Amino acid sequence: MYQSVNDQADLISNHLQDTISNIKIIKSFGNEQYEINRFTEFSRNYREENLKATRFWSIFVPIINTLNELGNLLTLVFGAWGVMVSHLTIGELAALLTYVTLLNKPINRFNGLVNIIQRSGVSAKRIFQILDTKIEVKEKENAINLTSIQGNLKFEGMEFAYHNNQSVIRNFNLDIQPGMSVALVGSSGAGKSTIAKIAARFYDPQKGRVLLDGHDLQDISLSSLRSHIGIVPQETLLLYGTVKENIAYGKLDATDQEIEAAAKAANAHDFIIGFPDGYQSIIGEQGVKLSGGQRQRIAIARVLLKNPQIVILDEATSALDSESEQLIQESIKQLFKGRTSLVIAHRLSTIADVDLIVVLEKGEIVETGTHTELIAQGGRYAYLYELQFVKSGN
Ligand SMILES: Nc1ncnc2c1ncn2[C@@H]1O[C@H](COP(=O)(O)OP(=O)(O)OP(=O)(O)O)[C@@H](O)[C@H]1O
Ligand SMILES: [Mg+2]
């Protein structure tokens, strides 16, 4: 009973959180009324479930009370009869009545207790659900701290599936030597971002291993592993705060000079000083709005400031105008300089210079080679390249 009350409360809070954080999408589709209706329906269901629970108790409590009072009545009737046939004194009857009345209180309290136990039972169940949530990756107790690394990233016979057990990556082998740059290309849903997430150990593969300088990622402490890896994710996440704070997120104790140098290398400095408050401009609702390309360059500056030995760039899918495209290309070059790099490229122009291109389809490698080799081969890569070439019309 209280389970469904809680379930309804859940729906309401999920919906609230969802609609408030996605308010722009909702407005852009003009779906305000639709969401208001959904909210009204969830609220109505919540009220109904609460009423059901209350109705139950409003019947249950009087029944228990009546039974109690009936007990008193019976005691009185049989007691009086006992006095009349005189095997009971009036004093004894009075005592008996007092005892029965005394007994009523704990019985009533017990009723209330049942109610509380029911409610807290449901809450406890929820708490245990959260406590029992499986942690995606666990750090070993004797995990090693790698203070410095060469930057050799190697995937060996890797297989991976998300929770639904449908395999997303199959038999994936790749050896990225220190300082080497590798590009992953393939259709949407091929598993590219998944590989990036496994490389940074947000997930563990079910089969095979991922090695950093010959150490299984699972043997390395998460903090030292992630200190050596910088990620520019597919969706750039900016935090509420100033531009400076957002770049400094890569190195919390960075000096102003370091932050500026990183921004310059990422081709972000010029647009930042164009803002009224420069590096102190607030990003977000009340502050400066950034274009997709600008966000990406901030994300690149962040990683440049962190200066890791390995970088993973999951390129945003959104199209860029040719000018920011050019600026991003240059900042990516800075990012890859002297580092082991894994780039997931959607715009194939990004990867003309990489050492190796790996073409992934449905979780499996279908082709590997350099740009020139793969074009000459005339396979999947050549096809994808042709497609972009024709589409962009140059
Ligand atoms: N968190 C997740 N839980 C379950 N399945 C997921 C999850 N993330 C991705 N998938 C599935 O795994 C497959 C590979 O997804 P992935 O994000 O790696 O593709 P991708 O190659 O990066 O695609 P895109 O080019 O669109 O970014 C897809 O079928 C996707 O639906
Ligand atoms: Mg992706």
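Scroll up to find the structure.
A short tour of the structure in this document, coming up. Along each chain, numbering runs from 1 in the same order as the chain's sequence is written. Chains carry letters and ligands carry numbers; both start at the beginning, A for chains and 1 for ligands, and go up in the order they are written. Given that the model is predicted, a residue must reach a pLDDT of at least 70 before its local features are reported, and side-chain atom pairs must reach 80 or more before they are shown or counted; all residues, however, enter totals for whole chains, interfaces and linings. Excluding hydrogens and water, the side-chain values take into account all heavy atoms of the structure.

## Details of the sheet that holds strand S1 (residues 153-161)
Sheets are built from strands that pair by backbone hydrogen bonding, the pairs being arranged parallel or antiparallel. Here we have 4 strands laid out as an open sheet, ordered S2-S1-S4-S5, and antiparallel in their pairing. One side of each edge strand has no neighbouring strand; the edge strands of this open sheet are strand S2 (167-176) and strand S5 (215-216). Here strand S4 (residues 207-212) pairs with S5 via 2 bridges, running antiparallel. Residue pairing across strands places Leu211 opposite Asp216, the latter belonging to S5. Whether two residues are in contact is decided by their heavy atoms: any pair within 4.5 Å suffices. Helix axes are fitted only over the stretch in contact, all axes being lines through C-alpha atoms; the angle between N-to-C directions runs from 0 to 180 degrees. Secondary structure elements are taken from DSSP: a helix is a run of H or I of four residues or more, a strand is a run of E of two residues or more, and numbering for both begins at the N terminus. Each of S1, S2 and S4 is contacted by helix H5 (residues 192-199), which is oriented at about 120 degrees to S1, the strand it contacts most. By this definition, two strands are paired if DSSP reports at least two bridges between them.

## Brief notes about empty space enclosed by the protein
For each structure, a 1 Å grid was placed over the protein atoms alone; sets of points admitting a 1.4 Å probe that cannot get out are labelled cavities, open sets with protein on both sides within 12 Å along at least five of seven lines are labelled pockets, and lining residues have an atom within 4 Å of a point. Grid points are joined across faces, edges and corners, and a volume is the space filled by probe spheres set on the points. For the coordinates displayed, the defined rule picks out 1 cavity of 30 Å³ or more. As for the largest cavity, its lining consists of Ile198, Arg201, Tyr203, Asp204, Pro205, Gly208, Arg209, Val210, Asp216, Leu217 and Gln218. The leading source of residues in the lining of the largest cavity is S4, at 3 residues. When the residues that make up the lining of the largest cavity are grouped by side-chain class, the tally is 5 nonpolar, 2 polar and 4 charged. We call Asp, Glu, Lys and Arg charged. Ala, Val, Leu, Ile, Met, Phe, Trp, Tyr, Cys and Pro are nonpolar, and the rest, Gly among them, are polar.

## What to know about a nonpolar patch on the surface
Judged by side-chain polarity, Ile59, Ile63, Leu67, Leu70, Leu73, Leu74, Val77, Phe78, Trp81, Met84 and Val85 come together as a nonpolar surface patch covering roughly 1,200 Å² of accessible area. Relative to the helices and strands, Met84 is located in helix H3 (residues 32-84). Only residues above 30% relative accessible area that lack a salt bridge enter a patch, with like-charged residues linked at up to 9 Å and the nonpolar side chains Val, Leu, Ile, Met, Phe, Trp and Tyr linked at up to 5 Å. For the area figures, the Shrake-Rupley method with a 1.4 Å probe applies, and any residue is considered shielded solely by the protein chains shown. One speaks of a salt bridge when a side-chain nitrogen belonging to Lys or Arg is within 4 Å of a carboxyl oxygen belonging to Asp or Glu.

## What about the coordination of the magnesium ion (ligand 2)?
The magnesium ion (ligand 2) binds to the protein through Ser193 (OG) and Gln234 (OE1), with metal-donor distances spanning 1.9 to 2.4 Å. Of the two residues, Ser193 is situated in helix H5 and Gln234 in the loop between strand S6 (229-232) and strand S7 (241-242); the sequence distance between them amounts to 41 residues. Donor atoms: N, O and S within 2.8 Å of the metal, or within 3.2 Å for Na, K and Ca. Because water is excluded, sites can look incomplete.

## Description of the site of ligand 1
What surrounds ligand 1 is a group of 13 residues, the closest being Ser188, Lys192, Ser193, Thr194 and Gln234. One of the backbone nitrogen or oxygen atoms of Gly189 is found 2.8 Å away from an oxygen atom of ligand 1. Each polar contact in these results corresponds to two N or O atoms within 3.5 Å; when the atoms are within protein, one needs to be able to donate a hydrogen and the other to accept it, and residues that are neighboring in sequence are counted only if both atoms are side-chain atoms. Between Ser193 and ligand 1, the recorded distance is 2.8 Å, taken from a side-chain N or O atom to an oxygen atom. Taken by itself ligand 1 offers 640 Å² of open surface, and the protein chains cover 64% of this. Being near a molecule or strand, for a residue, means having at least one of its heavy atoms within 4 Å of it.

## Some remarks on the pattern of salt bridges
Applying the stated rule across the entire model yields 13 salt bridges. Between Arg126 and Asp10 there is a salt bridge; the shortest N-O distance is 3.1 Å. Linking Arg126 in helix H4 (residues 90-131) with Asp10 in helix H1 (residues 2-21), this pair joins segments that are 116 residues apart in sequence. Throughout, exposure labels follow a simple rule: accessible area from a 1.4 Å probe, protein chains only, divided by the maximum for the residue type, with under 20% read as buried, over 50% as exposed, and the rest as partly exposed. On the basis of relative accessibility, which here comes to 24%, the residue Arg126 falls in the partly exposed class. For Lys154, the salt bridge goes to Glu156, with nearest N and O atoms at 3.6 Å. The network of salt bridges with common partners includes Lys154, Glu156 and Arg209.

## Details of the layout of surface pockets
Of the volumes computed, that of the second largest pocket is approximately 460 Å³. Lining the second largest pocket are 16 residues, with Ile231, Pro233, Tyr249, Arg302 and Lys306 positioned closest to its centre. Going through the elements one at a time, S6 and helix H10 (292-306) are the ones with two or more residues in the lining of the second largest pocket. Its residues assigned to classes, the lining of the second largest pocket shows 11 nonpolar, 2 polar and 3 charged.

## Re the packing of aromatic side chains
Each aromatic pair joins two rings of Phe, Tyr and Trp (for Trp, the six-membered one) with centres within 6.5 Å, and gets the label stacked for planes under 30 degrees apart, edge-to-face for over 60, and tilted for any other angle. This model, assessed by the stated rule, comprises 9 aromatic pairs. Look at Phe160 and Tyr162: their rings are 4.9 Å apart centre to centre, the planes differ by 80 degrees, and that puts the pair in the edge-to-face class. The partly exposed category is assigned to Tyr162, whose relative accessible area is 23%. Through a chain of ring-to-ring contacts, three or more aromatic side chains come together here, namely Phe56, Trp57 and Phe60.

## Structural notes on the packing of H1 against H3
It is at 9 Å that the axes of H1 and H3 come closest, and there the two elements cross at 160 degrees. Looking at the two axes, H1 sits roughly antiparallel to H3. As for the relative orientation of H1 and H3, their crossing is left-handed in sense. Listed contacts from H3 to Tyr2, Ser4, Val5, Gln8, Ala9, Leu11, Ile12, His15, Leu16 and Thr19 of H1 are Glu35, Arg38, Phe39, Phe42, Ser43, Asn45, Tyr46, Glu49, Asn50, Ala53 and Trp57. Roughly parallel means an angle under 35 degrees; roughly antiparallel means over 145; roughly perpendicular covers 65 to 115; every other angle is labelled oblique. Here is the rule for handedness: rotate from the far helix to the near one, and if that takes an anticlockwise turn smaller than a right angle the crossing is left-handed, while a clockwise turn gives right-handed.

## Considerations on the pairing of S2
Two strands pair when backbone bridges link them, and S1 and S2 are joined in this way by 6 bridges, in the antiparallel orientation. Within S2, the position partnered with Lys154 by the bridge is Asp175. From the end of S1 to the start of S2, which pair antiparallel, there are 5 residues, and Asn165 there has a positive phi angle of about 65 degrees.

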